[in-house]
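Observations on the three-dimensional arrangement
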Amino acid sequence: GKVSNYLKEKLEKGEKLHFTLIDPAKKVDYSELEKVALRLHEAGTDAFLVGGSLGVTPEEAGDVSSILKKATGLPVIIFPGNINCLTPKADAVLFMVLMNSLEPYYLVQAQVQAAPLVRKYGLEALPTGYLVLYGETAVAHVGRIQPIPPEKPEIGLAYALAAEMMGFKYIYLEAGSGASRHVPEAFPSLIKRSTSLTVIVGGGVRSPEVARSLAKAGADIIVTGNIVEEDYEKAVSIIRGIKSR
Ligand code: 1GP
């Protein structure tokens, strides 16, 4: 796949990557979006994630994807809260299993609904184990997760090993968008040392220092969302923090 090769080539050079998450449900100012996308591209963001937990229409996901692609030429990857986020305007999709969900829908049925659409739309599927750590965020509520104790990275590792044994290529360690605490460094650290998965970390990353320490611990890809809407120059400094290790 084009997108997975693009990521692989960068990671093999020892680069740490940054993904910018745009949630189309959060009143996107389309004229601003192009400007922001260009600025983040110039700062070194490596790809865009498009998606959210609630309220995204396929049309919005499509419009946002088209603008981002046209403005920057960077890969646009759908980060689906559900099948409503899928659009043929993107390049790829994080084809995720919410591994610590208690809900069969998020373990297999959403994927069954999605698969024919992913094929029809020609999206590249990036097989991803998705782990939501904390209970107090929108994604935790919607996805009915069983929280993972932050002081038990070995539980995270058990999920990651299962993901690897089931053939997933990516593991996404999620604190939740807007979370007050980010993923503890011990999680990417242990998982990176013990598996060959590409480790994605996101949720509550609000400073270059935190982004850098997560990358140093073992995260291959750091995701930021909220901060882009609040003040995209802060996202620029986070990208610089990751890239200038
Ligand atoms: C959410 O990991 C992403 O899925 C990004 O979180 O919005 O807190 O940056 P933030």
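Quick note: structure is the one above.
Reference entry: report on the structure contained in this document. Quick caveat: nothing in here was measured; it's all calculated off a predicted structure.

**Observations regarding the environment of leucine 98**
- Tracing the chain through its elements places leucine 98 in strand S4 (residues 92–98).
- On a C-alpha basis, the gap between leucine 98 and alanine 138 in space is 14 Å, while along the polypeptide they are 40 residues apart.

**Some words on the nonpolar core**
- Ile22, Leu68, Ile171, Leu173 and Val228 are the most contacted members of the largest nonpolar core, which has 59 residues in total.
- By size, the runner-up hydrophobic cluster in this structure holds 26 residues, among which are Phe79, Tyr130, Ile221 and Val223.

**Looking at helix H6 (residues 153–165)**
- Here H6 is 13 residues long and its end C-alpha atoms lie 18 Å apart, about the 18 Å a rise of 1.5 Å per residue gives.
- Considered for burial, the residues of H6 that qualify are Pro153, Gly156, Leu157, Ala160 and Ala163. Relative to the axis of H6, the buried residues are bounded by an arc of 120 degrees and lie together on one face.
- Backbone geometry just downstream of H6 places glycine 167 in the positive-phi region, at approximately 95 degrees.

**Looking at the site of the ligand**
- Inspection of the region around the ligand gives 14 residues, with Glu174, Ser177, Gly178, Gly225 and Asn226 positioned closest.
- A distance of 3.0 Å is found between an oxygen atom of the ligand and a side-chain nitrogen or oxygen belonging to tyrosine 172.
- Backbone polar atom of glycine 203 to an oxygen atom of the ligand: 2.9 Å apart, as the coordinates give it.
- In the complex, the protein chains occlude 96% of the 310 Å² of accessible area that the ligand would expose alone.
- Those elements giving two or more residues to the shell around the ligand turn out to be strand S6 (170–174) and strand S8 (221–224).
- Here the residues of the shell around the ligand are counted per class, giving four nonpolar, nine polar and one charged.

**Some words on the pattern of salt bridges**
- Counted by the stated rule, this structure contains 13 salt bridges.
- Between lysine 10 and aspartate 46 there is a salt bridge, with the nearest N and O atoms lying 2.8 Å from each other. Taken together, the positions of lysine 10 in helix H1 (residues 2–12) and aspartate 46 in the loop between helix H2 (30–43) and strand S2 (47–50) put the pair 36 residues apart, joining distant regions of the chain. Like aspartate 46, lysine 10 is buried.
- Two residues, arginine 181 and glutamate 136, come together in a salt bridge whose shortest N-O distance is 3.3 Å. Of this pair, arginine 181 sits in the loop between S6 and helix H7 (186–194) while glutamate 136 sits in the loop between strand S5 (124–132) and helix H5 (138–142), and the two are 45 residues apart along the sequence.
- The exposure class of glutamate 136 is partly exposed, given its relative accessible area of 49%.
- Because the salt bridges share partners, they merge into one network encompassing Lys10, Glu15, Asp46 and Lys243.

**Details of the pairing of S6**
- In terms of burial, S6 is largely enclosed, as five of its five residues are buried.
- What you see with S6 is no split at all: Tyr170, Tyr172 and Glu174 on one side and Ile171 and Leu173 on the other are buried throughout.
- The pairing of S5 with S6 spans five bridges and is classified as parallel. Bridge assignment links valine 132 to a residue of S6, and that residue is glutamate 174.
- Pairing between S6 and strand S7 (residues 198–202): five bridges, direction parallel. Within S7, the position partnered with leucine 173 by the bridge is valine 201.
- One crossover worth recording links S6 to the parallel S7 by way of H7, and it is right-handed.

Quick notes on the rules
- Residues numbered from 1 in each chain as written.
- Predicted model: local features only at pLDDT ≥ 70, side-chain atom pairs only at ≥ 80, totals over all residues.
- Heavy atoms only, no water.
- Helix = DSSP H or I, 4+ residues; strand = E, 2+ residues; numbered from the N terminus.
- Core = buried A, V, L, I, M, F, W, Y, C linked by side-chain atoms within 4.5 Å.
- Buried < 20%, exposed > 50% of the residue type's maximum accessible area, 1.4 Å probe, protein only.
- Expected span 1.5 Å × (residues − 1).
- Arc of directions from axis to C-beta.
- Near = heavy atom within 4 Å.
- Polar contact = N/O pair within 3.5 Å; in protein donor to acceptor, adjacent residues only side chain to side chain.
- Areas by Shrake-Rupley, 256 points an atom, 1.4 Å probe, with all protein chains shown as cover.
- Nonpolar A, V, L, I, M, F, W, Y, C, P; charged D, E, K, R; others polar.
- Salt bridge = Lys/Arg side-chain N within 4 Å of Asp/Glu carboxyl O.
- Pairing = 2+ DSSP bridges.
- Right-handed = clockwise from strand over helix to strand, strands pointing away.

Worth remembering: the numbers are spatial, not functional.
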